[in-house]
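Descriptive analysis of the structure
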Amino acid sequence: MPDPRLGHVSTIEGERREFEGRLAVEEKRLRSLLAEIYGDHPGLPAALASTLDLVGASWRERSAELKDLDRRRSAQPDWFESNAMLGGVCYADLYAGGVPGLQERIPYFRELGLTYLHVMPPFRTPEGNSDGGYAVSSYRELNPELGTIDDLRALGEALRANGISLAVDFVFNHTASDHEWARRAAAGDPVYRDFYWMFDSREQPDRFEETTREIFPDDHPGSFVQLADGTWVWASFHSFQWDLNYSNPAVFRAMAGELLFLANLGVEVLRMDAVPFIWKQLGTSSENLPQAHLLLQAFNAVCRIAAPAMVFLSEAIVHPDDVLSYVRPDECQLSYNPLQMALTWEAMATRDVRMLQGALADRHRTPAGTAWVNYVRSHDDIGWTFADEDAARLGIDPFLHRRFLNDYYTGRFEGSFARGVAFQFNPRTGDSRVSGTTASLAGYESGDAGGPGRVLLAYSLALSTGGIPLIYLGDEVGQLNDYGQLEVEGREDDSRWVGRPVHPSRRYEERVDPSTPAGRLFGRMRWLIELRRRHGQFGGGDLVVLDTGNPRILGYLRPGAEGRPLLVLANFGDYPERVEPLALNRQAGRWADLVTDGVYDLRGGVTLAAHEFVWLVQEDVSPVG
Ligand code: OTU
């Protein structure tokens, strides 16, 4: 019988060898990335040495359970491409009264089929407005109203024991203005002044602002805010969110420490907030610069050495070319798919799938070892981030089209089914975005008959185009906008809060009762989730667009293994629509709809009811008798 003590020793030695193997590869990469970013910056050698100390120490402190996870993920790096994957997102307080309350909801998460849970930033924030948690005062403490850091660790463990990965944000572009670093900077400590972008006069801010974009113009114009002592500090978002100065290598080192702290807490998916903004350069938009990528790759290298189980999720809501530029196995393995999200809503408003179809044809593929996170709506606004050139190719004026979509989704367009709320209307540029829950945007709130059908249609896309589907929890029971949120202090001026309602307990109770609207919707959502889990064709990201010849019907094939593809047809129109046999020529034969069990002979064409979609697989071809 083997000596159990020796088994332990050899595990530790095996682990060390694995660590050293990773270090040998990734340290080289880290060095060359930092050299490329920082050149001969005098602070680089110290920052690099300290970062390498950090990764060693962090790995030594990593729990046995997480090291085991590291091993399992390294053996199966495409784990997130599985058709079993399903994400959910919620606020700990609004959804469950705090982080411990989330643990009590695990049975529900399992019932729904979640394999990853994104908990909105639960960290310590300033009093009052904290941008929904995106102004972080400490990455190592929770907001005391939500729980403690040990509660978050315990949640991660409990989720993992139930097959669910914990996702949290890394709000790394900025800290809150009351973070300890920021306070020291404001007090004049030169070390910490270099952690931010601080200027004594308007000269530099004026020059930067010639080319930067305004993100929250309702809060302050431009990209800078002035402190009481006259100092100007870079704040891309709210005045209390100060952008970190990554041109200082000490900032990279400091934030690598916060990143690894979260990794060792048990975070498996790290949502990299606002990635486009992390590098600034005079004369540019200071978004999506090459150094932003190098920095992400350097963080990725740090993570690969010390916590390889953790993956990065890029949050870039920008031009689709730029969104895709962050998606690489050695940068961010996952990315939100804002284009599919926005164009799903676009197609519902126009009853025309051409833009969506074009995006799926030309912009859906991601590099091997990466995947999209497909969502229908988030805690944020919907921005119409399609490429102007894609619209122009279809003869659509992008400016007028965005204006139409904003009017449509804020209910200003006569006859619109949607009840969204305008967000950050900028009178100077005419730009605006839209807030609201899926149900309210889709027509539930206005009483439009198509509401339930549109919610399912939108989620059917997120579940079937390839990537991880992400449900904003509450959407699956048809939760409406909560205008009361705007009466809470600090939330009055941020319309995104209407789309951040509290846990809809009544609707959740009704979910098992098919005589209620919540029950009907939930039952169908559950069924779609179940189908996705049963059929391998939903995994991975390969997709081939099928031109249905009908601008209201979207069509695509998911190849699947063994040459048995899944054929999706989806009607974005408000009336029955038809695909003629000609368009289905190459798919001829009898196909069974997974959703309804109906059988279609494609040689006769297909007619779909309003908002109907079918998930078809070819029937076994039985020998002619
Ligand atoms: C993110 O969003 C978060 O999702 C928001 O909730 C935060 O307010 C913000 O960062 C600041 O931390 O502008 O309207 O291209 O578009 O990061 C939402 C990325 C946002 C930005 C995005 C930002």
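Presented here is a report on the structure given in the accompanying data block. (Residues numbered from 1 in each chain as written. Predicted model: local features only at pLDDT ≥ 70, side-chain atom pairs only at ≥ 80, totals over all residues. Heavy atoms only, no water.)

**As for the side chain of Arg-496**
Looking at the element boundaries, Arg-496 is found in the loop between strand 17 (468-472) and helix 20 (505-510). A relative accessible area of 5% means that Arg-496 is categorised as buried. Setting aside residues up to four positions removed in sequence, Arg-496 forms contacts with Asp-131, Phe-216, His-238, His-379, Asp-380, Asp-381, Phe-423 and Ser-435. (Helix = DSSP H or I, 4+ residues; strand = E, 2+ residues; numbered from the N terminus. Buried < 20%, exposed > 50% of the residue type's maximum accessible area, 1.4 Å probe, protein only. Contact = heavy atoms within 4.5 Å.)

**Focus on the sheet that holds strand 13 (residues 334-336)**
Ordered in space as 1-2-5-11-12-13-14-17, the 8 strands form a closed barrel in which the pairing is parallel. Pairwise comparison of adjacent strand axes, ignoring direction, gives a mean angle of 25° for this sheet. Judged from the 4 bridges that link them, strand 5 (residues 165-170) and strand 11 (residues 269-272) form a sheet pairing that is parallel. Paired with Ala-167 across the strands is Val-269, a residue of strand 11. Running at roughly 160° to strand 5, helix 11 (residues 249-265) makes contact with strand 5, strand 11 and strand 12 (311-314) of the sheet. (Pairing = 2+ DSSP bridges. Axes fitted to C-alpha atoms, helices over the stretch in contact; angles between N-to-C directions.)

**Some thoughts on helix 21 (residues 517-534)**
Here helix 21 contains 18 residues, and its C-alpha end-to-end distance of 26 Å stays within 8% of the 26 Å for a straight helix at 1.5 Å per residue. Within the span of helix 21, buried status applies to Ala-518, Gly-519, Leu-521, Phe-522, Met-525, Leu-528, Ile-529, Glu-530, Leu-531 and Arg-532. Check the buried side of helix 21 and you find it contacts helix 6 (106-112), helix 19 (451-464), strand 17, helix 20 and strand 25 (613-618). (Expected span 1.5 Å × (residues − 1).)

**Structural notes on the layout of surface pockets**
Reported here for the largest pocket is a volume of approximately 1,100 Å³. Residue lining of the largest pocket: 48 residues in total, with Arg-213, Ile-317, Thr-385, Asp-431 and Arg-433 positioned closest to the centre. For the lining of the largest pocket, the secondary structure elements donating two or more residues are helix 17 (398-409), strand 15 (421-426) and strand 16 (431-435). Take the lining of the largest pocket: its biggest share by element is 4 residues, from helix 17. A class-by-class count of the residues in the lining of the largest pocket yields 17 nonpolar, 14 polar and 17 charged. Estimates place the volume of the second largest pocket at around 580 Å³. Elements represented by at least two residues in the lining of the second largest pocket include exactly helix 4 (92-96) and strand 3 (123-124). Per-element accounting of the lining of the second largest pocket gives the leading share, 3 residues, to helix 4. (1 Å grid on protein atoms, 1.4 Å probe; cavity = no way out; pocket = protein on both sides within 12 Å on 5 of 7 lines; lining within 4 Å. Points joined across faces, edges and corners; volume = space filled by probe spheres on them. Nonpolar A, V, L, I, M, F, W, Y, C, P; charged D, E, K, R; others polar.)

**A word on helix 11**
Counted at 1.5 Å a residue, the expected span for helix 11 with its 17 residues is 24 Å, and the 25 Å between its end C-alpha atoms agrees. Helix 11 sits mainly inside the fold: 15 of its 17 residues count as buried. For helix 11, the N-terminal cap is Asn-248; the gap from its side-chain oxygen to the backbone nitrogen of Ala-250 is 3.0 Å. At the exit of helix 11 stands Gly-266, carrying a positive phi of roughly 110°. (Polar contact = N/O pair within 3.5 Å; in protein donor to acceptor, adjacent residues only side chain to side chain.)

**Let's talk about the packing of aromatic side chains**
Two numbers describe a pair of aromatic rings. These are the distance of the centres and the angle of the planes. For the coordinates displayed, the defined rule picks out 40 aromatic pairs. Ring centres 5.4 Å apart and planes at 40° place the aromatic pair Tyr-408 and Phe-413 in the tilted group. Relative accessible area serves as the criterion here: at 3%, Tyr-408 is assigned to the buried category. Three or more aromatic residues link up through ring pairs in this structure, and these residues are Trp-345, Trp-384, Phe-404, Tyr-408, Tyr-409, Phe-413 and Phe-417. Over the ring of Tyr-472 we find Arg-377; its NZ or CZ atom is 3.6 Å from the centre of that ring. (Phe/Tyr/Trp six-rings, centres within 6.5 Å; stacked < 30°, edge-to-face > 60°. Lys NZ or Arg CZ within 6 Å of the ring centre and 35° of its normal.)

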